[in-house]
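Below, each chain spelled out in residue letters.
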Amino acid sequence: MADNLAKISEPLNPCGRRIIEVNPVNLYQIGWTVTWKNYHIDQPINKFIKIMNKAKWQAKWRTQNRTNKWLNKSIAEKTDWKTSWSLAHPSRITKAMTSKTNHRPRVFNFKVLNDKLPTKSRLYQRLPETYMDESCVICGRKEDSIHAITCADNNNTLLKTFITSLAQATSSRAAKKPTQKISVIFEKVLTSENWDIGNLLRRTIPHKLTKAVQGLVENTHKTLEALRIACDTLQEKAKISWKERCENFILWERSM
Ligand SMILES: [Zn+2]
């Protein structure tokens, strides 16, 4: 707060490093001050509690086994988390209005992100005597949420859908004409980052892709808009694949 008043901002005052420190002992007009682990809290309390809670829940999510299965150090560093979290939600979760069009994509997103679709792996965990193993009924590989969607996708159709949709959405918002084909630019970025379709289905977007879109549309809001369109188009295709997989799974269950 004192740094703000003195108009000292980042990078001279990076987060956690105070140039001006308030000595609470000298605050004679205030009867009490708030401390946390012997640190004087030099900011509004509700803002502090919000940040602390966010950090706590993010740490809990990050350290879960199901998250650690796919989220390695490299992906964690390359991911543009601000954009990715924003894309995970079709609207603010705290919004008072609820609707099926808002609720259903959110549920599907989080089931894919947290590997919660009722796949053979999950069914086997719950009913090992009935399902016997975790293998996909089509190809025999382990069936988790991402595999259930991508199993039949032999020609990387889902990846192409994402890139084409993002290229179209970016092109219609582009501030200037790009020097090369937009879809080729995005393809190169995803290849260089080693970004597979699983990451895109979980709506984790690499920094470099956000930057590539931003470089063309030159507007933060429009960048998010283009990425959201691509993610939503990918989700529509993913839902079709999941539906097909469920139909095949029912046939397999009946044949057993
Ligand atoms: Zn399979």
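Residue numbers restart at each chain and count upward from 1, following the sequence in its written direction. Only residues with pLDDT of at least 70 get local features here, since the model is predicted, and only at 80 or more are side-chain atom pairs given and counted; chain-wide, interface and lining totals rely on the full set of residues.

Q: Whenever I open this one, the overall build of the chain confuses me. Can you help?
A: Numbering of helices and strands starts at the N terminus; helices are DSSP runs of H or I of at least 4 residues and strands are runs of E of at least 2. Along the chain, the regular secondary structure elements total 14 helices and two strands. Across the 256 residues that make up the chain, the buried fraction comes to 21%. Long-range pairs, those at least 24 residues apart, make up 58% of the contacts in the chain with a sequence separation of at least 6. Counting other C-beta atoms within 10 Å of each residue's C-beta, where C-beta atoms are placed from the backbone, gives the exposure class: buried for 20 or more, exposed for 12 or fewer, partly exposed between. Any two residues are considered in contact once their C-beta atoms, placed from the backbone, lie within 7 Å.

Q: Please clarify how the nonpolar core should be interpreted in this entry.
A: Across soluble globular proteins, nonpolar side chains have a tendency to be buried as a group. Only buried residues count toward a nonpolar core: Ala, Val, Leu, Ile, Met, Phe, Trp, Tyr and Cys, linked into one set through C-beta atoms within 7 Å. Counting 31 residues, the largest nonpolar core has Leu-166, Phe-186, Leu-201, Ala-230 and Leu-234 as its most contacted members. Listed by contribution, the elements that provide at least two residues to this core are helix 6 (100–113), helix 9 (145–150), helix 10 (157–171), helix 11 (182–192), helix 12 (197–201), helix 13 (207–217) and helix 14 (220–255). Contact partners of Phe-186, with chain neighbours within four places excluded, come to Ile-163, Leu-166, Ala-167, Leu-209 and Ala-212.

Q: Explain the environment of Lys-82 to me, please; I cannot follow it from the model alone.
A: Tracing the backbone through its elements, the reader meets Lys-82 in helix 5 (residues 81–88). Lys-82 sits in the exposed class, given 12 other C-beta atoms within 10 Å. Sequence separation between Lys-82 and His-207 is 125 residues, and the spatial gap between their C-alpha atoms is 9.7 Å.

Q: So what exactly am I meant to see when it comes to the packing of helix 11 against helix 13 here?
A: Running from N to C, helix 11 and helix 13 point in directions that differ by 160°, and their axes come no closer than 9 Å. Taken together, the axis directions place helix 11 and helix 13 in an arrangement best described as roughly antiparallel. The handedness of the crossing between helix 11 and helix 13 is right-handed. Residue-level inspection shows Ile-182, Ile-185, Phe-186, Val-189 and Leu-190 of helix 11 in contact with helix 13, the latter providing Lys-208, Leu-209, Ala-212 and Leu-216. Lines fitted to C-alpha atoms define the axes here, with helix axes fitted over just the stretch in contact, and angles between the N-to-C directions of these axes take values from 0 to 180 degrees. Oblique is the label for every angle not falling under 35 degrees (roughly parallel), over 145 degrees (roughly antiparallel), or within 65 to 115 degrees (roughly perpendicular). By the definition used in this description, the sense in which the near helix is turned from the far one sets the handedness, with an anticlockwise turn below a right angle giving left-handed and a clockwise turn giving right-handed.

Q: Explanation requested: helix 11 in the structure shown.
A: In an α-helix, one turn spans 3.6 residues, which is why side chains three or four residues apart end up on the same side. Buried residues of helix 11: Ile-182, Ile-185, Phe-186 and Leu-190, and no others. Seen from one end, helix 11 has its buried residues packed into an arc of 130°, which puts them on one side. In helix 11, those exposed residues whose orientation departs by more than 90 degrees from the buried face are Val-184, Thr-191 and Ser-192. Asn-194 sits one or two positions beyond helix 11 and adopts a positive phi of about 60°. Starting at the helix axis, one direction is taken to each C-beta atom, and the arc is that of these directions.

Q: Can you walk me through unusual backbone geometry in this structure?
A: Residues other than glycine predominantly adopt negative phi, and peptide bonds predominantly adopt the trans conformation. In this structure, Met-132 is a non-glycine residue whose phi angle is positive, near 65°. Tracing the sequence through the fold places Met-132 in the loop between helix 8 (128–131) and helix 9. In this structure, Glu-218 takes a positive phi of about 55° despite not being glycine. Its place among the elements puts Glu-218 in the loop between helix 13 and helix 14. Residue classification places Glu-218 among the partly exposed residues on the basis of 13 C-beta atoms within 10 Å.

Q: Looking at this structure, I do not really get the packing of helix 10 against helix 14. What am I missing?
A: For any two helices packed against each other, one specifies the crossing angle of their axes together with the interaxial distance. Where helix 10 meets helix 14, the closest approach of the two axes is 8 Å, and the angle between their N-to-C directions is 150°. On the basis of their axis angle, the class for helix 10 and helix 14 is roughly antiparallel. Seen along the crossing, helix 10 lies across helix 14 with a hand that is right-handed. From helix 10, Leu-158, Thr-161, Phe-162, Ser-165, Leu-166, Ala-169 and Thr-170 reach across to helix 14, where they touch Ala-226, Leu-227, Ile-229, Ala-230, Thr-233, Leu-234, Lys-237 and Ala-238. Grouping the constituent residues of the contact of helix 10 with helix 14 by class yields ten nonpolar, four polar and one charged. Only Asp, Glu, Lys and Arg are considered charged, only Ala, Val, Leu, Ile, Met, Phe, Trp, Tyr, Cys and Pro nonpolar, and every remaining residue, Gly among them, polar.

Q: Please explain the environment of Ala-169 as it appears in this structure.
A: Along the chain, Ala-169 turns up in helix 10. Sequence spacing of Ala-169 and Lys-222 is 53 residues, and the spatial spacing of their C-alpha atoms is 9.2 Å. In this view, Ala-169 contacts Ala-226, Ile-229 and Ala-230; residues no more than four positions away in its chain are not counted.

Q: How do you make sense of the environment of Lys-188 when you look at a structure like this?
A: In this fold, Lys-188 is placed in helix 11. The exposure class assigned to Lys-188 is partly exposed, which follows from the 13 C-beta atoms found within 10 Å.

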